[in-house]
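One-letter residues, chain by chain:
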Amino acid sequence: ALSQHENLPSHNPRATVLSSVEWWNIEPTITQMVFDSMFAFFDKDLTVLDFSPFKNVVSIEIGNKSFSYVKTVCIAELPKLESVRIGFHSFFPHDESGGKQTLDYHFFACDCPSLKELKIGRESFVYYSRFVVKNLPSLEDLVIGEGNGISKCFSFSSLELKGERMEPEVKN
């Protein structure tokens, strides 16, 4: 068929995103997203990161030291999402906020029925004031501050987990 001709571009279900220009042009049918380290580190125009249009995404991986100007991260209503991994020192305000809480910085992971793994590297989301995780019935592995050293993740946020079958486990 003509649609399978070798000279026509084909749909790639995986995206390695190298620039913020590429972020704005990702197809909503994508299944895997990989953001390189230092992604959008100096991009002042990228302040909201909303993954909700990507209904087919299965995994999201964000490298180290990425998205320094993003104030809101929304991972919501993604029926196929299974894994989110975020590297260290990401979503850390570029100006470092003078060591103060930033009331308008929020992280949401909600209504993703297949999400099994949410891992956040140390020193990420340090000054975020809201950390909301709810309605993730398949969540098996929640790691905040992955890696060696002091975590500092969500230093100014309270932790609240909501959903069925949530059993607290504390590891020292």
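Since the structure is predicted, the reported quantities are computational estimates derived from the model, not experimental observations.

Trainee: So, the overall build of the protein: which residues are in play, and what are the values?
Mentor: For the protein, the helix and strand inventory stands at 1 helix and 11 strands. Tracing the protein from N to C terminus, the helices and strands come up as β-α-β-β-β-β-β-β-β-β-β-β. Every one of the 172 residues in the protein was classed for burial, and the buried ones make up 41%. When contacts within the protein are restricted to residue pairs at least 6 apart in sequence, long-range pairs at least 24 apart make up 71% of them. Accessible area of the protein: about 10,000 Å², with a carbon and sulfur share of 49%.

Trainee: With reference to specific residues and values, describe the packing of aromatic side chains.
Mentor: The relative placement of two aromatic rings is captured by the distance of their centres and the angle of their planes. With the rule as written, the count across this model stands at 14 aromatic pairs. On the basis of an interplanar angle of 40 degrees and a centroid distance of 4.2 Å, the ring pair of Phe131 and Phe154 is categorised as tilted. Of this pair, Phe131 sits in strand S9 (residues 128–134) while Phe154 sits in the loop between strand S10 (141–146) and strand S11 (160–162); the two residues are 23 residues apart in sequence, bridging distant segments of the chain. Like Phe154, Phe131 is buried. Grouping aromatic residues by their ring pairs yields a cluster made of Phe35, Phe39, Phe51, Phe67, Phe91, Tyr105, Phe107, Phe125, Tyr128, Phe131 and Phe154.

Trainee: Any details on the environment of Lys152? Residues and values, ideally.
Mentor: In this structure, Lys152 sits in the loop between S10 and S11. Linking Lys152 and Phe125, residues 27 residues apart in sequence, is a C-alpha distance of 8.2 Å. Setting aside residues up to four positions removed in sequence, Lys152 forms contacts with Glu123 and Val126.

Trainee: I'd like a rundown of the pattern of salt bridges, residues and numbers included.
Mentor: Summed over the entire model, instances satisfying the criterion amount to 5 salt bridges. With a shortest N-O distance of 2.9 Å, Glu117 and Arg85 are connected by a salt bridge. Taken together, the positions of Glu117 in strand S8 (residues 117–121) and Arg85 in strand S6 (residues 83–86) put the pair 32 residues apart, joining distant regions of the chain. Given a relative accessible area of 14%, Glu117 falls into the buried group. Residue class for Arg85 comes out partly exposed when judged on its relative accessible area of 37%. Its salt-bridge partner being Lys119, residue Glu117 comes within 3.6 Å of it at the nearest N-O pair.

Trainee: Residues and numbers for unusual backbone geometry, please.
Mentor: Generally, phi is negative for residues other than glycine and the peptide bonds are trans, each holding for most cases. Phi at Met38 is positive, roughly 65 degrees, even though this residue is not glycine. Relative to the helices and strands, Met38 is located in the loop between strand S2 (32–35) and strand S3 (48–50). Taking the relative accessible area as the measure of exposure, Met38 reaches 42% and is therefore partly exposed. The backbone phi angle of Glu77 is positive, close to 55 degrees, even though this residue is not glycine. Examined against the element boundaries, Glu77 turns out to sit in the loop between strand S5 (72–76) and S6.

Trainee: Pulling in residues and values, what's your account of the confidence of the model for the protein?
Mentor: It should be kept in mind that the predicted coordinates are not to be read in detail where pLDDT is low. Looking at the protein as a whole, its pLDDT mean stands at 81, while 76% of the residues score no less than 70. In the predicted structure, residues 7–11 sits below a pLDDT of 50 and forms 4 contacts with residues beyond four places in sequence or in another chain.

Thresholds applied
Residues numbered from 1 in each chain as written. Predicted model: local features only at pLDDT ≥ 70, side-chain atom pairs only at ≥ 80, totals over all residues. Heavy atoms only, no water. Helix = DSSP H or I, 4+ residues; strand = E, 2+ residues; numbered from the N terminus. Buried < 20%, exposed > 50% of the residue type's maximum accessible area, 1.4 Å probe, protein only. Contact = heavy atoms within 4.5 Å. Areas by Shrake-Rupley, 256 points an atom, 1.4 Å probe, with all protein chains shown as cover. Phe/Tyr/Trp six-rings, centres within 6.5 Å; stacked < 30°, edge-to-face > 60°. Salt bridge = Lys/Arg side-chain N within 4 Å of Asp/Glu carboxyl O. pLDDT = per-residue confidence, 0-100.

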